[in-house]
Amino acid sequence: MRIVMVSLAVLTLMACNKPAATNEANAADENAAMDSNMAADANMAMPAAFEIKGTSWEFTRKDKATTETVDADGNYVAWSGAEHLDHGTAVMKDDKACFTSAMDKEGEICWTTAPTEVGQSFDTTSDKGEKLTVKRIAYTEVPAAVKP
């Protein structure tokens, strides 16, 4: 593509009878602008990173149907029915959702993620090798009965 653009630029400049030094400078400027536009287009094509904040999920873990909500500040609460199961903080690190429970001393546990729309499911794996199928649901407020 550059060869074509440079050739066209040279032919255009020759038709205008401009000095060769100016033609080369203009061609270099045109190539730099084209490279810049191509880089901007490539950056725009990149999908936005997945964000865990402001989401809710359903999954079965340890034989319990669980609902989990991560609020806009990154605080999560997990519950099953009227039973509070866990709470703590959640953050995104690269392409993983990392949870730190306020209820145990396990420390941070990170899970693989994928951009997921409400109603979609995907399989996730923790850094410890645990596997779950999670389904994203519409954002659900934590019921008062299970708030920490």
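These numbers come from a predicted model, not from an experiment.

Calculation rules
Residues numbered from 1 in each chain as written. Predicted model: local features only at pLDDT ≥ 70, side-chain atom pairs only at ≥ 80, totals over all residues. Heavy atoms only, no water. Helix = DSSP H or I, 4+ residues; strand = E, 2+ residues; numbered from the N terminus. Buried < 20%, exposed > 50% of the residue type's maximum accessible area, 1.4 Å probe, protein only. Contact = heavy atoms within 4.5 Å. Salt bridge = Lys/Arg side-chain N within 4 Å of Asp/Glu carboxyl O. Disulfide = S-S within 2.5 Å.

Regarding its fold elements, the protein chain presents two helices and eight strands. The order of helices and strands in the protein chain, counted from the N terminus, is α-α-β-β-β-β-β-β-β-β. Every one of the 148 residues in the protein chain was classed for burial, and the buried ones make up 30%. In the protein chain, the proportion of contacts linking residues at least 24 apart, taken out of those at least 6 apart, comes to 32%.

This next bit is on unusual backbone geometry. Phi is positive for Lys 62, which is not a glycine, with a value near 55°. On the basis of relative accessibility, which here comes to 71%, the residue Lys 62 falls in the exposed class. Backbone geometry at Asp 63 places phi at a positive 60°, although glycine is not the residue there. Asp 63 sits in the exposed class, given a relative accessible area of 78%.

We now examine the pattern of salt bridges. In the structure shown here, the tally under the stated rule is five salt bridges. Of the charged contacts, one joins Arg 61 and Glu 130 as a salt bridge, the two residues approaching to 2.9 Å between their closest N and O atoms. Taken together, the residues span a long stretch of sequence, with Arg 61 in strand 1 (residues 55-61) and Glu 130 in the loop between strand 7 (121-125) and strand 8 (131-137) at a distance of 69 residues. A salt bridge links Lys 93 to Glu 108, with the shortest nitrogen-to-oxygen separation between them at 2.9 Å. Note that Lys 93 is positioned in strand 4 (residues 83-93) and Glu 108 in strand 6 (residues 108-112), a separation of 15 residues in sequence. Here Lys 93 falls in the partly exposed class, since its relative accessible area comes to 41%.

Moving on to the state of the cysteines. Across all of its chains, the model carries one disulfide by this definition. Each disulfide pairs two cysteine sulfurs, and for Cys 98 the partner residue is Cys 110, the sulfurs being separated by 2.0 Å. As the torsion about the S-S bond is roughly 110°, the Cys 98-Cys 110 disulfide counts as right-handed. Separated by twelve residues along the polypeptide, Cys 98 in strand 5 (residues 96-101) and Cys 110 in strand 6 bring together distant segments of the chain. Per residue, the accessibility class of Cys 98 equals that of Cys 110, and both read buried.

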